[in-house]
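If you want the building blocks of each chain, they are given just below.
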Amino acid sequence: MHVLVVGANGQIGRRFIHAMQHSQHTVRAMVRDADQSARLEAIGANEVVVADLEGDCRSALAGCDAVVFTAGSGAHTPPEKTEDIDRNGAISIIDQAVSAGVRRFLMVSAIKADTPEKGPDKMLHYFRAKGAADNHLRNSGLEYTIVRPGKLTNEDGTGHVDIAKSLNRDGEIPRADVAEVLVMTLDSPNTVGRHFELLSGETPIDKALLGI
Ligand SMILES: NC(=O)c1ccc[n+]([C@@H]2O[C@H](COP(=O)([O-])OP(=O)(O)OC[C@H]3O[C@@H](n4cnc5c(N)ncnc54)[C@H](OP(=O)(O)O)[C@@H]3O)[C@@H](O)[C@H]2O)c1
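Just so it is clear, the structure is predicted and the values come from calculations on it, not from any experiment. (Residues numbered from 1 in each chain as written. Predicted model: local features only at pLDDT ≥ 70, side-chain atom pairs only at ≥ 80, totals over all residues. Heavy atoms only, no water.)

**Student:** Help me understand the site of the ligand, please; the structure alone is not making it clear to me.
**Tutor:** Taken together, 23 residues are adjacent to the ligand, and I12, D52, A71, Y126 and R175 come closest. The contact in question runs from an oxygen atom of the ligand to an N or O atom on the side chain of N9, over 3.1 Å. A distance of 2.8 Å is found between an oxygen atom of the ligand and a backbone nitrogen or oxygen belonging to I12. In isolation the ligand exposes 930 Å². Once the protein is present, 81% of that is buried. Sorting the residues of the shell around the ligand by element identifies α1 (11–20), α5 (124–138) and β7 (151–153) as the ones contributing at least two each. Taken together, the residues of the shell around the ligand sort by class into nine nonpolar, nine polar and five charged. (Near = heavy atom within 4 Å. Polar contact = N/O pair within 3.5 Å; in protein donor to acceptor, adjacent residues only side chain to side chain. Areas by Shrake-Rupley, 256 points an atom, 1.4 Å probe, with all protein chains shown as cover. Helix = DSSP H or I, 4+ residues; strand = E, 2+ residues; numbered from the N terminus. Nonpolar A, V, L, I, M, F, W, Y, C, P; charged D, E, K, R; others polar.)

**Student:** Looking at this structure, I do not really get the environment of R175. What am I missing?
**Tutor:** Summarising the element assignment, R175 is placed in helix α6 (residues 175–186). Given the relative accessible area of 14%, R175 is considered buried. Distance in space between the C-alpha atoms of R175 and T153 is 5.9 Å, their sequence separation being 22 residues. Not counting chain neighbours up to four residues away, the residues in contact with R175 comprise Q11, I12, R15, L152, T153 and N154. (Buried < 20%, exposed > 50% of the residue type's maximum accessible area, 1.4 Å probe, protein only. Contact = heavy atoms within 4.5 Å.)

**Student:** It is not clear to me how the side chain of S73 should be interpreted in this structure. Could you clarify?
**Tutor:** Position of S73 among the secondary structure elements: in the loop between β4 (66–69) and α4 (79–100). Owing to a relative accessible area of 13%, S73 belongs among the buried residues under this scheme. A polar side-chain atom of S73 sits 2.5 Å from a polar atom in the side chain of D86. S73 has contacts with K81, T82, I85 and D86, leaving out every residue within four places of it along the chain.

**Student:** Looking at this structure, I do not really get α5. What am I missing?
**Tutor:** Given 3.6 residues per turn, any residue in an α-helix points the same way as the ones three and four places further on. Here α5 contains 15 residues, and its C-alpha end-to-end distance of 21 Å stays within 8% of the 21 Å for a straight helix at 1.5 Å per residue. Among the residues of α5, F127, A129, K130, G131, A133, D134 and L137 are the ones counted as buried. Summarising the contacts, the buried residues of α5 are in contact with α4, β5 (104–108) and β6 (143–149). (Expected span 1.5 Å × (residues − 1).)

**Student:** Please explain the packing of α1 against α6 as it appears in this structure.
**Tutor:** Running from N to C, α1 and α6 point in directions that differ by 50°, and their axes come no closer than 8 Å. As summarised for this structure, α1 and α6 are arranged oblique, according to the angle between their axes. Helix-helix and strand crossings are classified by hand; for α1 and α6 the assignment is right-handed. Across the interface between the two elements, Q11, I12, R15, F16, A19 and M20 of α1 pack against R175, A176, V178, A179, E180, L182, V183 and L186 of α6. Counted by class, the contact of α1 with α6 contains ten nonpolar, one polar and three charged residues. (Axes fitted to C-alpha atoms, helices over the stretch in contact; angles between N-to-C directions. Parallel < 35°, antiparallel > 145°, perpendicular 65-115°, else oblique. Left-handed = near helix turned anticlockwise from the far one by under 90°.)

In structure tokens:
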């Protein structure tokens, strides 16, 4: 597959590109700043395109079989930016992916996206935005998988996770393990049309994905 990574210069995005070097797929990295190209090519991106989620992404999507969405407005932006990127930007690229003939779409969501009221008040708008994007994806007709990690860390990956539709607990997961889960999810047809929560755990990633 030819895979477009949205949020390619982000912390998960870069780890995903690096991990994809061992896959059979090719990676097109979508960035907002052309100066990031050399860095992403150095870690394995086959191609880099410049596009913004708040604009036209058609040229970035052209010819791609799959999208991995791991963009985000970040923790230090005002709520309006969360709406612009995490909700509206995600919805816009889902619609553009459908028009472009993309088949597969992996969404990096968040563990409380379906239950925003269970999180802290200051995160309510963020979880609601992620939930709205997830719902749009579910109804898009794309072969989707929604991956919902807990709090992200920069610890080394362990290759061991806990995955379930609902884990009924809070927790953390290294970004490196999220990236590996995304790589393996691309090649796991049983994850199509599913969402799952993702935390650090005891089960090897490939085995954990088989249980979805
Ligand atoms: N932080 C957590 O604990 C947590 C928990 C669960 C889920 N998540 C989700 O995990 C995902 C990624 O996390 P991360 O740590 O990798 O985030 P990150 O390092 O902040 O990366 C986000 C990326 O999104 C890109 N981006 C922002 N606005 C954009 C736009 N308008 N058009 C195109 N790209 C845009 C940024 O581009 P630039 O490089 O140009 O800034 C950046 O590369 C997000 O979807 C987030 O919601 C986070």
